[in-house]
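Geometric and topological summary
As a plain string of letters, each chain reads:
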Amino acid sequence: MNTEMLKRMSSGQGFIAALDQSGGSTPKALKAYGLSEEAWHNEEEMFDLVHQMRTRIMTSSAFSSEKIIGAILFEMTMERKVSGKYTADYLWENKGIVPFLKIDKGLAELKDGVQLMKPMPTLDELLERAVQHHIFGTKERSVIKEANEKGIQAVVAQQFEVAKKVASYGLVPIIEPEVDIHCPDKAKAEAYLKKALKAELAQLNEDVRVMFKLTIPEVDNDYEELMKDQHVVRVVALSGGYSREVANEKLARNHGLIASFSRALVEGLSAQQSDEEFEALLAKSAESIYQASIQ
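One structure accompanies this document, and this report is about it. These figures come from a predicted structure and were not determined experimentally. The numbers attached to residues start from 1 for each chain and follow its sequence in the written order. Two thresholds apply to this predicted model, a pLDDT of at least 70 for residue-level local features and 80 or more for giving and counting side-chain atom pairs, whereas whole-chain, interface and lining totals are computed over all residues. Think of the side-chain values as coming from all heavy atoms in the structure, minus any hydrogens and water.

**Examining the pairing of strand 7 (residues 137-144)**
When a strand is regular, its side chains alternate between the sheet's two faces. Selection criterion: The rule is simple: take the accessible area with a 1.4 Å probe, protein chains only, and divide by the maximum for that residue type; under 20% is buried, over 50% is exposed, in between is partly exposed. In DSSP terms, a helix is any run of H or I states spanning at least four residues, a strand is any run of E spanning at least two, and both are numbered starting from the N terminus. Two strands make a pair as long as DSSP finds a minimum of two bridges between them. We call a crossover right-handed when, viewed with both strands directed away from the observer, the connection leading from the first strand over the helix to the second proceeds clockwise.
With seven of its eight residues buried, strand 7 lies for the most part within the structure. Across three bridges, the pairing between strand 5 (residues 98-102) and strand 7 is parallel. Of the residues in strand 7, the one forming a bridge with lysine 102 is lysine 139. Relative to strand 7, strand 6 (residues 114-115) runs antiparallel, the two sharing two bridges. Note that in strand 7 the partner of glutamine 115 across the bridge is valine 143. Following the chain from strand 7 across helix 7 (residues 149-168) to the adjacent parallel strand 8 (residues 172-179), one finds a crossover that is right-handed.

In structure tokens:
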């Protein structure tokens, strides 16, 4: 584990940028960026375009360690280069931003009100490559659709099983059991979730460090208890489909909780914008998310 990165992630002021759209969500991300499916002819061209988009974001002067302390990457982004360096090295060496890697392979079918992660048969090989590419940590996402205690316990058990493997490689896992913002009884689901997370934390070996990426809770400051646990480096929030304005407003009411936004960060950015327009909007977005994260 890189101790400099750990210190930055533990105490740095700012937020984590989620730049980890994968195969399934890439067309949607490109469409929001102003590029329709007519802009590419095959998957390779599609991923070239999304890397160009991410490169434009990462090389922007607005994408700096003054506001951003970490960035989550998709596997293919990790394997590609930005300004002549592998992406993780560029982020850390040029920007002072801690690199993470999305490792899950998507969601399984809905069962017991939740979607577990699909199997990850090549996880060990991926974690080895992550270490080689100087990645600090990983991110793995499940989704909770209903306040079903059995389903939520299954989500948390699976998340921690993967997290322990990640930690065995010297990496810090971001555990992401997202509670859908449209969950009929979101507060109850979050109560079940917190109970399950605390139970798993209590069983971790003393040297294991983890992070959580959670939906902004219905009860303000509901996750303060998790933040105080000795195993927890940081608790970060996903935007979950909220607009940037709404996500920021909710986030600012939760002290110690910082953003890890994807759509809310890039909202309004377009391939058709001039560099000046692009920079100005990204700077404005980063500033607003930063302010909400340091409340």
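**Examining the environment of isoleucine 103**
Formally: Contacts are assigned to residue pairs with any non-hydrogen atoms lying within 4.5 Å of each other.
Looking at the element boundaries, isoleucine 103 is found in the loop between strand 5 and strand 6. The contacts of isoleucine 103, once residues within four sequence positions are left out, are Met120, Leu123, Leu126, Leu127, Thr138, Lys139, Glu140, Val162 and Val166.

**Quick look at the nonpolar core**
Rules: Side-chain atoms within 4.5 Å are what join buried Ala, Val, Leu, Ile, Met, Phe, Trp, Tyr and Cys residues into a set we call a nonpolar core.
By size, the foremost hydrophobic cluster in this structure holds 81 residues, and its most contacted members are Phe63, Leu193 and Phe212. By residue number, the principal contributor to this core is helix 7, which donates eight residues. If you look at the next biggest cluster of nonpolar residues, it comprises 16 residues, including Met5, Ile16, Phe136 and Ile174.

**Quick word on the pattern of salt bridges**
To be explicit about the condition: Criterion for a salt bridge: a side-chain nitrogen of Lys or Arg within 4 Å of a carboxyl oxygen of Asp or Glu.
Within this structure, the stated rule accounts for 22 salt bridges. Between glutamate 149 and lysine 195 there is a salt bridge, with the nearest N and O atoms lying 3.6 Å from each other. Of this pair, glutamate 149 sits in helix 7 while lysine 195 is found in helix 8 (residues 186-201), placing the two residues 46 residues apart along the sequence. Within this structure, Glu75, Glu79, Lys105, Glu125 and Arg129 form a network of salt bridges that share partners.

**A short note on the side chain of glutamate 176**
Condition: Throughout this description, a polar contact denotes any pair of N or O atoms lying within 3.5 Å of each other; where both atoms belong to protein, one of them has to be capable of donating a hydrogen while the other can accept it, and for residues adjacent in sequence the pair is counted only when both atoms sit in side chains.
Relative to the elements of secondary structure, glutamate 176 occurs in strand 8. Within the structure, glutamate 176 has its side chain in polar contact with the side chain of lysine 139 (distance 3.0 Å). Once residues lying within four places of it in the same chain are set aside, the contact partners of glutamate 176 are Lys139, Glu140, Arg141, Ser142, Gln159, Lys213 and Leu238.

**Points about the environment of arginine 244**
Relative to the helices and strands, arginine 244 is located in helix 10 (residues 244-252). Since its relative accessible area comes to 14%, arginine 244 is described here as buried. Along the sequence, arginine 244 and serine 262 sit 18 residues apart, while their C-alpha atoms lie 9.7 Å from each other. Not counting the four nearest positions on each side in its chain, arginine 244 is found in contact with Ala264, Leu265, Glu267, Leu281, Ser285, Ser288 and Ile289.

**Looking at unusual backbone geometry**
Phi is positive for serine 83, close to 50°, though the residue is something other than glycine. Residue serine 83 is classed as exposed on the basis of its relative accessible area, which comes to 58%.

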